[in-house]
Amino acid sequence: MTAPNVVVLTGAGISAESGLGTFRDPGGLWEKFDPYELATPEACARDPAKVHAFYNLRRKDLIASRPNAAHLALAELERGLDAAGGRLTLVTQNIDDLHERAGSPRVLHMHGELLKARCARCGATARCDGDLSINAACAACARAGGLRPHVVWFGEFPFHLEEIADAIAAADLFASIGTSGSVYPAAAFVSEAKALDVRTVELNLEPSDNADVFDERRYGAASRIVPAWAEAMISRATT
Ligand code: APR
């Protein structure tokens, strides 16, 4: 059998066991904070210091966290598929860098990256692993007051959508891991895959909003079910 082309979409659930909060689970971020007060361009214009404080805290939590077995298993799966002549395209809704730290070589961050800042004045992006503030100056244009987290807020356009659509169209399998399937356009990827006769599988703690669209469904903690799934994928691709 030729090794498959696989598109994997991950969500906050894959990073939950690394200690990073999800959004819509009980006690999740959007239960504690109002997303429209913190994750919209209007919120940032209204109270930039409050938005910076929210993301500075999440940046500190991220730097103190580590990839878990699920992140490591996806990096291993990508190496295994590459060696067998297949391919893995990793798309994430997450703004953490745990996939990269687990060894995944190329991650399509459709909602941006917490460890990058973008200048609203000149558009330059740069690595940011410290605190952002309203007085911070852009390294590229030296102007202050325009730096924001390089993340996609509600009402903004996600990144890499064309590349993701092309990857799904060329895929043999679309796998969704650790996402509630409640935010578009990511939540529509499974239907796009299905319409193109691409096989689909969901790996999640519990059925997502669009669970019934998937051909196959595996439920449990990501750090347990993703390594098992990845191992089975590699052995199927290499026999
Ligand atoms: N293992 C596997 N799945 C888990 C685990 C775990 N340990 N813990 C939680 N989950 C699952 C939950 O069951 C839930 O379905 O992860 C999913 C997390 O859903 P959300 O909190 O809605 O996160 P996500 O789907 O990534 O949100 C999408 O919404 O607010 C925006 O930009 C934000 O990228 C985010 C987007």
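The coordinates are above.
In this report, we go over the structure that sits alongside the text. (Residues numbered from 1 in each chain as written. Predicted model: local features only at pLDDT ≥ 70, side-chain atom pairs only at ≥ 80, totals over all residues. Heavy atoms only, no water.)

### Re the pattern of salt bridges
Counted under the stated rule, the structure contains 11 salt bridges. With a shortest N-O distance of 3.0 Å, Lys60 and Asp131 are connected by a salt bridge. A residue pair is termed long-range when its members are at least 10 positions apart, and Lys60 in helix 4 (residues 48-63) and Asp131 in the loop between strand 5 (125-127) and strand 6 (147-151) qualify at 71 residues. Look at Lys60 and you get partly exposed, because its relative accessible area is 48%. In the salt-bridge network here, residues are joined through shared partners; they are Glu37, Arg46 and Lys50. (Salt bridge = Lys/Arg side-chain N within 4 Å of Asp/Glu carboxyl O. Helix = DSSP H or I, 4+ residues; strand = E, 2+ residues; numbered from the N terminus. Buried < 20%, exposed > 50% of the residue type's maximum accessible area, 1.4 Å probe, protein only.)

### Quick look at the site of the ligand
Taken together, 23 residues lie near the ligand, and Phe23, Arg24, Trp30, Thr179 and Ser180 sit nearest. Taking Ala12, its main chain carries an N or O atom lying 2.8 Å from an oxygen atom of the ligand. Here an oxygen atom of the ligand sits 2.7 Å away from a polar atom, N or O, in the side chain of Trp30. Considering the ligand on its own, with 740 Å² of exposed area, one finds that the protein chains cover 94% of that surface. Taken together, the residues that form the shell around the ligand break down as 9 nonpolar, 10 polar and 4 charged. Residue assignment places the shell around the ligand across two domains, with domain 1 (1-20 + 67-111 + 157-239) and domain 2 (23-64 + 119-151) each supplying three or more. (Near = heavy atom within 4 Å. Polar contact = N/O pair within 3.5 Å; in protein donor to acceptor, adjacent residues only side chain to side chain. Areas by Shrake-Rupley, 256 points an atom, 1.4 Å probe, with all protein chains shown as cover. Nonpolar A, V, L, I, M, F, W, Y, C, P; charged D, E, K, R; others polar. Domains from an automatic or database assignment.)

### A few points about the sheet that holds strand 1 (residues 5-10)
Strand pairing in a sheet takes place through backbone hydrogen bonds and is either antiparallel or parallel in direction. Here we have 6 strands laid out as an open sheet, ordered 3-2-1-7-8-9, and parallel in their pairing. Only two strands of the sheet have a single partner each, and these edge strands are strand 3 (107-109) and strand 9 (216-219). The average undirected angle you get between the axes of adjacent strands in this sheet is 20°. Both strand 8 (residues 199-204) and strand 9 contribute to a ladder of 4 bridges, which runs parallel. Residue pairing across strands places Leu203 opposite Arg218, the latter belonging to strand 9. (Pairing = 2+ DSSP bridges. Axes fitted to C-alpha atoms, helices over the stretch in contact; angles between N-to-C directions.)

### Considerations on the pairing of strand 8
Counting buried residues along strand 8, 5 of its 6 residues qualify, which places the element largely inside the surrounding structure. Bridge count between strand 7 (residues 173-177) and strand 8: 5 bridges; the pairing is parallel. Across the sheet, residue Phe174 finds its bridge partner in strand 8, namely Thr200.

### Some words on the side chain of Arg148
In this structure, Arg148 sits in strand 6. Within the structure, Arg148 has its side chain in polar contact with the side chain of Glu156 (distance 2.8 Å). Ignoring sequence-local partners within four residues, the contact set of Arg148 consists of His52, Lys116, Ala117, Arg118, Leu132, Trp153 and Glu156. (Contact = heavy atoms within 4.5 Å.)

### Here's the deal with the environment of Asn68
Positionally, Asn68 belongs in the loop between helix 4 and helix 5 (69-83). Asn68 sits 33 residues away from Arg101 along the chain, and the two C-alpha atoms are 10.0 Å apart. Those residues in contact with Asn68, other than ones at most four positions away along the chain, are Ile14, Ser15, Glu17, Ser18 and Ser223. Here Ile14 takes part through its backbone oxygen, which lies 2.8 Å from a polar atom of the side chain of Asn68.

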